[in-house]
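Observations on the model geometry
Given next are the chains, with one letter for each unit.
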Amino acid sequence: MPVRSNAAFLDAENVVLCSDFEELSASRVSLFLRELGKEVVAARILDGPMSLGKTRDFNVLAVISGTEIQSATQECAIGTVPYGNGVVSEIQTTANKLLDGFEHPNPVINAALGDTLWVSSNYYHRSLNWITVVIAIRAPSAHQLDFTMMRLFDLPETTCSQNLACLAR
């Protein structure tokens, strides 16, 4: 099965993680990728905050939060990217999408969908060679955290059945 990376990660030099959830750290995500036995991304996975200079290609900041971001995660994000406080509005916009939920135009389908549990947004800062990926999770269960790792790299949900880094296996 070919492994497709989230478009934000293609050709990234570094991926810096700032997370409300200690279970989603650079060491866990790196183990998750090693367990796949394939090269998914060539980037280094790092815990933030991490001050990095402008790179030849680009860097990715991955912010993973609940419905309200913890101050340590917000400070991590601000301390990592060259656009500083601008990242706060990106995080808040994504969290608001989670709180507002997804509404399907067909009321029958909408009623069956229930609450939105997970949303993701990518913000591109081309002139600075940075991309911010913000993920907001309503209920941070082991399954939702595993789902987050799989979605970061566009992998199917069956990925966690044999992966030692997954929490819900």
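Note: the structure precedes this text.
Every value quoted in this text rests on a predicted model; they were computed, and no experiment measured them.

**Some thoughts on the pairing of strand S4 (residues 118–125)**
- The pairing of S4 with strand S5 (residues 130–137) spans eight bridges and is antiparallel. Bridging across to S5, Val119 finds its partner in Ala136.
- Between the end of S4 and the start of S5, which pair antiparallel, lie four residues, with Asn129 showing a positive phi angle near 60 degrees.

**Digging into the pairing of strand S1 (residues 12–19)**
- With six of eight residues buried, S1 lies mostly within the body of the structure.
- Inspection of the sheet shows S1 paired to strand S2 (residues 44–47) by four bridges, in the parallel sense. Directly across from Val15, in S2, lies its bridge partner Ile45.

**Re the sheet that holds S2**
- The strand order S2-S1-S3-S5-S4 describes an open sheet built from five strands, whose pairing is mixed. The open sheet has two edge strands, S2 and S4, and neither has a second partner. Strand-to-strand, the axes of this sheet are offset by a mean angle of 20 degrees, without reference to chain direction.
- Its contacts with the sheet place helix H2 (residues 71–80) against S1, strand S3 (58–65) and S5, and it is angled at close to 155 degrees to S1.
- The sheet strands contacting helix H3 (residues 86–100) are S3, S4 and S5, and the helix crosses S4 at an angle near 150 degrees.

**What about the environment of Val88?**
- Positionally, Val88 belongs in helix H3.
- Sequence spacing of Val88 and Ile69 is 19 residues, and the spatial spacing of their C-alpha atoms is 9.5 Å.
- Residues in contact with Val88, not counting those within four places in the same chain, are Gln74 and Ile78.

**A closer look at the environment of Leu152**
- For Leu152, the position within the fold is in helix H5 (residues 142–152).
- Considering only alpha carbons, one finds Leu152 and Ala62, 90 residues apart in sequence, at a separation of 9.0 Å.

**Regarding the side chain of Gln144**
- In this structure, Gln144 sits in helix H5.
- Ignoring any residue separated from it by four or fewer positions in sequence, one finds Gln144 in contact with Leu117, Trp118, Ile137 and Ala139.

**Notes on the state of the cysteines**
- Going through the model one piece at a time under the given rule, you end up with two disulfides.
- Residue Cys18 pairs covalently with Cys76 via a disulfide, S to S 2.0 Å. Because the sign of the S-S torsion sets the handedness, a value of about -70 degrees for the bond joining Cys18 and Cys76 places this disulfide among the left-handed ones. Of this pair, Cys18 sits in strand S1 while Cys76 is found in helix H2, placing the two residues 58 residues apart along the sequence. Taken individually, Cys18 and Cys76 each receive the classification buried, so the pair is uniform in this respect.
- Covalently, Cys160 is tied to Cys166 through a disulfide, its sulfur atoms 1.9 Å apart. Its S-S torsion of approximately -70 degrees makes the covalent link between Cys160 and Cys166 left-handed. Of the two residues, Cys160 and Cys166, both sit in the buried class.
- By sequence-ordered numbering of the bonded cysteines, the protein chain has its disulfides arranged as 1-2, 3-4.

Rules behind the numbers
Residues numbered from 1 in each chain as written. Predicted model: local features only at pLDDT ≥ 70, side-chain atom pairs only at ≥ 80, totals over all residues. Heavy atoms only, no water. Pairing = 2+ DSSP bridges. Helix = DSSP H or I, 4+ residues; strand = E, 2+ residues; numbered from the N terminus. Buried < 20%, exposed > 50% of the residue type's maximum accessible area, 1.4 Å probe, protein only. Axes fitted to C-alpha atoms, helices over the stretch in contact; angles between N-to-C directions. Contact = heavy atoms within 4.5 Å. Disulfide = S-S within 2.5 Å.

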